[in-house]
Amino acid sequence: MKHILIPIVAIAGLGLTLVPALLVFSNQMEASLQKQLMALGMVLWFVAGPLWMRTRRG
């Protein structure tokens, strides 16, 4: 279960850093919400990314 959950969280984190920027660029989201979502995505990626890479290696 852990090996399935970590990649999903990591990819969600990457999505939360990319999608809000595109939505603000197209005027479909406020900048304050974008900053909050991108901060959440950054935290998710920096926590889950290294764990995901470690599980893929070993």
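Conventions we followed
Residues numbered from 1 in each chain as written. Predicted model: local features only at pLDDT ≥ 70, side-chain atom pairs only at ≥ 80, totals over all residues. Heavy atoms only, no water. Helix = DSSP H or I, 4+ residues; strand = E, 2+ residues; numbered from the N terminus. Rg over C-alpha atoms; globule rule 2.2 N^0.38 Å. Buried < 20%, exposed > 50% of the residue type's maximum accessible area, 1.4 Å probe, protein only. Contact = heavy atoms within 4.5 Å. Expected span 1.5 Å × (residues − 1). Patch = residues over 30% accessible without salt bridge, like charges linked within 9 Å, V, L, I, M, F, W, Y side chains within 5 Å. Areas by Shrake-Rupley, 256 points an atom, 1.4 Å probe, with all protein chains shown as cover. Salt bridge = Lys/Arg side-chain N within 4 Å of Asp/Glu carboxyl O.

1. A look at the overall build of the protein chain
No. 1: Counting its regular elements, the protein chain contains 2 helices and 0 strands.
No. 2: On C-alpha atoms alone, the protein chain measures out to a radius of gyration of 13 Å, which is more than a quarter above the 10 Å that the 2.2 N^0.38 rule sets for 58 residues.
No. 3: Classification of the 58 residues of the protein chain by burial places 19% in the buried group.

2. Brief notes about the environment of Val-9
No. 1: Structurally, the position occupied by Val-9 is in helix 1 (residues 2-25).
No. 2: Among the residues examined, Val-9 registers a relative accessible area of 28% and is labelled partly exposed.
No. 3: Taking the C-alpha atoms as reference points, Val-9 and Met-53, 44 residues apart in sequence, are found 13 Å from one another.
No. 4: Once you skip the residues sitting within four places of it in the chain, Val-9 turns out to touch Leu-44 and Ala-48.

3. Observations regarding helix 1
No. 1: For helix 1, spanning 24 residues, the distance from its first C-alpha to its last is 35 Å, which sits close to the expected 34 Å at 1.5 Å a residue.
No. 2: Listed in full, the buried residues belonging to helix 1 are Ile-6, Pro-7, Ala-10, Gly-13 and Pro-20.
No. 3: Looking one or two places after helix 1, you find Asn-27, whose phi comes out positive at around 60°.

4. Examining a nonpolar patch on the surface
No. 1: There is a patch of nonpolar side chains on the surface, built from Met-42, Val-43, Phe-46, Val-47 and Leu-51 and spanning about 470 Å² of accessible area.
No. 2: Of note, Phe-46 is situated in helix 2 (residues 31-57).
No. 3: Judged by relative accessible area, Phe-46 falls into the exposed class, the value being 58%.

5. Here's the deal with the side chain of Gln-34
No. 1: If you trace the backbone, Gln-34 turns up in helix 2.
No. 2: Beyond its immediate stretch of four places on either side in the chain, Gln-34 contacts Pro-20, Ala-21, Val-24 and Met-29.

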